Amino acid sequence: MPFLPFSYISSLRRELDGTDAEVSTWGCDNYDTVYTSPTYACNHFQGAVVRITSADEAAIVVRFATCHGVPLAVKNGGCSTSGASTTHGGIVLDLSYLRRVHIHRECRLVIAQGGALWEDIDVASVQHGLAVVGSTLNKIGAAGTTLGGGYGWLTGQYGLAIDNILWARMILADGSIVTASGGQHQDLFWAIGGAGQSFGVAVELGFRAYKQENPVFAGTLLFSADVLPGIVKFANQFESINNGKQGLCFGFNMPPSMRQCSILVALFFNGDEAAGERFFSPLISLGPISNDMQMIPYDGVNAMLSVLHALPRHWSLGSFNIARPIDDSNGSRKSLKGSNVTLPLDIGFVQLIYNKFDEMLKEFPQARQSLLLFEIIPNTQITKVPNESTAFASRGPYYNVSSLFKWHEANLDERIHSCQRNMMEYIGD
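Residues numbered from 1 in each chain as written. Predicted model: local features only at pLDDT ≥ 70, side-chain atom pairs only at ≥ 80, totals over all residues. Heavy atoms only, no water.

Brief notes about a nonpolar patch on the surface
Next up, step 1: On the surface, Phe 3, Trp 26 and Phe 45 cluster together into a nonpolar patch covering about 310 Å² of accessible area.
Next up, step 2: Mapping Phe 3 onto the fold places it in the segment before α1 (6-15).
Next up, step 3: Looking at Phe 3, the relative accessible area reads 33%, which means it is partly exposed. (Patch = residues over 30% accessible without salt bridge, like charges linked within 9 Å, V, L, I, M, F, W, Y side chains within 5 Å. Areas by Shrake-Rupley, 256 points an atom, 1.4 Å probe, with all protein chains shown as cover. Salt bridge = Lys/Arg side-chain N within 4 Å of Asp/Glu carboxyl O. Helix = DSSP H or I, 4+ residues; strand = E, 2+ residues; numbered from the N terminus. Buried < 20%, exposed > 50% of the residue type's maximum accessible area, 1.4 Å probe, protein only.)

In structure tokens form, the structure reads like this:
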């Protein structure tokens, strides 16, 4: 089916008649500005985008797509590395209105709707002295990243996000709504624990939460390229010196005032400032160009690397429903891809990656906002879980490498995608 026929759109609207769901199609006032902005390696025109406000509405859309053989994509945060949150000519089920987060402090339980971002969960949880293992970015969808694994700053202490799911309320292909957990629909619960988002639509997740009443020592350091060997040396020692309460990310970007890539380092220490400074003293002593390390509430940690420039917001309520614009960066073209490495890192290898990235940004100055990042998050708790316990296939001595390429000109799409693909394939070889 190349593009959703108008007759199908009319039928879908009739099935949703009387609900609060919004159906946007080609020609609608907000379709061009909201839905056709190319994001995360995609440049698709959807046949219809349906913003639902309840699980029952979502079930109607899923059942309709199945019955009519219409391609269906689910959009949570819209940050899929493969472009799975959009489809050309099919239906996008937009969960953006399902962002409520409920906190049960006494039993350390956080319940999040399927459209919640990590920011929603972080902000809600910290008001009650709790935290959930989540992503290192707070502007991306919680459900999508969790079902793929879910690495976060607390992974060193508590494992992956999937290791802390208590249940998931799922809509299956036939439109039925089931709750998957360790006690029911166990095969589905096993599958969504790391095998991706293709087994159904997650409209609610129950997370195990942990006490996090203290602020943390965290922030970023910016270095000139000549100290890269010292940073790699510290990264290579990280496995043997951390106790799970620390995290390190380092990578390359090009601030507007600089003519070549700098080294960006993001640090996390779940403890007090003095202990954190001692632990990271080998890095701090390298003489950063800038240093914004400080004690911050936990809900600010996942904003350190947020590519959408998170704005901290605080409430003191028992539930949260944060309404935000769907995309506050319309016009920017973004492609997010990942790979992985093992330690120790060879300095010559890392230097070569730096050189390739620096050359790419000099060739395409329009992509200066791009970032390549090595994420050295402790994996001891990850490897404690047997491989067969979940569908997650990377429980080993692996560390993620993420690349976010950003530009604006459509005529650069093919060349920049090619540069990114070649670079990430080289890292993964």
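Still to come is the rest of the account.
Overview of the nonpolar core
Next up, step 1: Within the largest apolar cluster, 48 residues are counted, with the highest numbers of intra-cluster contacts made by Leu 248, Phe 250, Phe 252, Val 265, Leu 283, Phe 357 and Leu 372.
Next up, step 2: Non-local contacts of Leu 372, meaning those with residues more than four positions away in its chain, are made with Phe 250, Gly 251, Phe 252, Ile 353, Phe 357, Val 401, Ser 402, Ser 403, Met 423, Met 424 and Ile 427. (Core = buried A, V, L, I, M, F, W, Y, C linked by side-chain atoms within 4.5 Å. Contact = heavy atoms within 4.5 Å.)

Focus: the environment of Ala 58
Next up, step 1: Take Ala 58: it is sitting in helix α3 (residues 55-68).
Next up, step 2: Looking at Ala 58, the relative accessible area reads 0%, which means it is buried.
Next up, step 3: On a C-alpha basis, the gap between Ala 58 and Gly 175 in space is 8.2 Å, while along the polypeptide they are 117 residues apart.

Quick look at the sheet that holds strand β1 (residues 22-25)
Each strand in a sheet pairs with another by means of backbone hydrogen bonds, the pair being arranged parallel or else antiparallel.
Next up, step 1: Pairing in this open sheet of 4 strands is mixed, and the strands run β1-β2-β4-β3 from one edge to the other. Unpaired on one side and paired on the other, β1 and β3 (72-75) mark the two borders of the sheet. Between one strand axis and the next, the sheet turns through 20° on average, direction left out of account.
Next up, step 2: In the sheet, β1 pairs with strand β2 (residues 48-51) via 4 bridges, with the strands oriented antiparallel. Pairing of Ser 24 across the sheet is with Val 49, part of β2. (Pairing = 2+ DSSP bridges. Axes fitted to C-alpha atoms, helices over the stretch in contact; angles between N-to-C directions.)

A look at the pattern of salt bridges
Next up, step 1: Using the criterion set out here, one finds 7 salt bridges in the structure.
Next up, step 2: For Glu 119, the salt bridge is made with Lys 139, and the minimal N-O distance between the two is 3.4 Å. One end of the pair, Glu 119, is in helix α4 (residues 118-126); the other, Lys 139, is in the loop between β7 (130-131) and α5 (142-147), and 20 residues separate them in sequence.
Next up, step 3: We classify Lys 139 as buried; its relative accessible area is 13%.
Next up, step 4: We note a salt bridge from Asp 358 to Lys 362, for which the minimum N-O separation is 2.9 Å. Remark: Lys 362 and Asp 358 occur in helix α11 (residues 347-363); sequence separation between them is 4 residues, near one turn of the helix.

Digging into the confidence of the model for the protein
Segments scoring low in pLDDT should not have their predicted coordinates read at a detailed level.
Next up, step 1: The predicted model of the protein has a mean per-residue pLDDT of 87, with 87% of residues at 70 or higher.
Next up, step 2: This model gives residues 33-42 a pLDDT under 50, and the stretch forms 39 contacts once residues within four places in sequence are excluded. (pLDDT = per-residue confidence, 0-100.)

Here we look at α1
In an α-helix, one full turn covers 3.6 residues, which means residues spaced three or four apart are oriented alike.
Next up, step 1: Looking only at α1, the buried set comprises Ile 9, Ser 11 and Leu 12. All buried residues of α1 lie within an arc of 160° about the axis, which places them on one face of the element. Looking at α1, the residues exposed on the side facing more than 90 degrees away from the buried face are Phe 6 and Arg 14.
Next up, step 2: Check the buried side of α1 and you find it contacts β1, β2, α3 and β4 (91-94). (Arc of directions from axis to C-beta.)

Side note on the packing of α1 against α3
Next up, step 1: Their axes nearest at 10 Å, the elements α1 and α3 cross at an angle of 145°. The handedness of the crossing between α1 and α3 comes out as right-handed. Between α1 and α3, the contacting residues are Tyr 8, Ser 11, Leu 12 and Glu 15 on the first element and Ile 60, Phe 64 and His 68 on the second. (Left-handed = near helix turned anticlockwise from the far one by under 90°.)

Concerning the packing of aromatic side chains
Working definition: an aromatic ring pair is given by the centre-to-centre distance plus the angle between the planes.
Next up, step 1: Scanning the model with the defined rule gives 17 aromatic pairs in all.
Next up, step 2: With centroids separated by 6.1 Å and ring planes inclined at 45°, the aromatic side chains of Phe 269 and Phe 279 adopt a geometry described as tilted. Of the two residues, Phe 269 sits in strand β14 (residues 262-269) while Phe 279 sits in helix α9 (residues 273-279), which places them 10 residues apart along the sequence. A single burial state applies to Phe 269 and to Phe 279, both of which are buried.
Next up, step 3: Members of the aromatic cluster, joined through ring pairs, are Phe 250, Phe 252, Tyr 354, Phe 357, Phe 374 and Phe 405.
Next up, step 4: Over the ring of Tyr 426 we find Lys 356, and its NZ or CZ is 5.3 Å from the ring centre. (Phe/Tyr/Trp six-rings, centres within 6.5 Å; stacked < 30°, edge-to-face > 60°. Lys NZ or Arg CZ within 6 Å of the ring centre and 35° of its normal.)

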